Structure formats: structure tokens, C-alpha cells
Amino acid sequence: MSKAIEKTELSERLNWRIVSWLLVGMGALVFVGANVHLVHVATGSQPECVDHLKAEGSDGTYRAAASAC
């Protein structure tokens, strides 16, 4: 009877080990996928081409440094 209990405990431990490794792998895939998406967006956009005011900025207003469009 003790061998049956040991086998059940061992199989439960293996199941949790498999589940935990699957969760770690899924988390790593999400992390890598998010970073790939960020790199794709960063390289595909044109941040130098933005709408901006043509006049000089005044107290607290922001402007683009230079127009590239």
C-alpha cells in the first residue's frame, strides 16, 4: 500500500513540474513576443515626421525640433 501512495505522490509531483515548466515557457514566449513587437514598431515608425507648430514655442508649449516631412 505504501508503494501506491509513493507512486501517486510521484505522479502528482511530476504533473506539477510539467505544469510549472509549461507556464515558464509560455511566459518566456509572451516576453519575447512583446519585445519583438516593440522592436518592430520602433523600427517601422517615423518619429522624426510629426505635426508641429511652425511658430516658436512659448511658456510650456512643446514643438518638434525640426521638420523632416
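If you're wondering where the values come from, they're calculated on a predicted model, not measured in any experiment.

Draft legend 1. Region of interest: the overall build of the chain. Scanning the chain from terminus to terminus reveals one helix and zero strands. Among the 69 residues that make up the chain, the fraction classed as buried is 1%. Of the accessible surface of the chain, which amounts to about 6,600 Å², a share of 66% is contributed by carbon and sulfur atoms.

Draft legend 2. Representation of a nonpolar patch on the surface. A cluster of nonpolar side chains, namely Trp 16, Val 19, Leu 23 and Met 26, defines an oily patch on the protein surface of about 470 Å² accessible area. Relative to the assigned elements, Trp 16 resides in helix H1 (residues 2-44). Judged by relative accessible area, which is 64%, Trp 16 ranks as exposed.

Parameters at a glance
Residues numbered from 1 in each chain as written. Predicted model: local features only at pLDDT ≥ 70, side-chain atom pairs only at ≥ 80, totals over all residues. Heavy atoms only, no water. Helix = DSSP H or I, 4+ residues; strand = E, 2+ residues; numbered from the N terminus. Buried < 20%, exposed > 50% of the residue type's maximum accessible area, 1.4 Å probe, protein only. Areas by Shrake-Rupley, 256 points an atom, 1.4 Å probe, with all protein chains shown as cover. Patch = residues over 30% accessible without salt bridge, like charges linked within 9 Å, V, L, I, M, F, W, Y side chains within 5 Å. Salt bridge = Lys/Arg side-chain N within 4 Å of Asp/Glu carboxyl O.

Shape is all these values report; function is a separate question.
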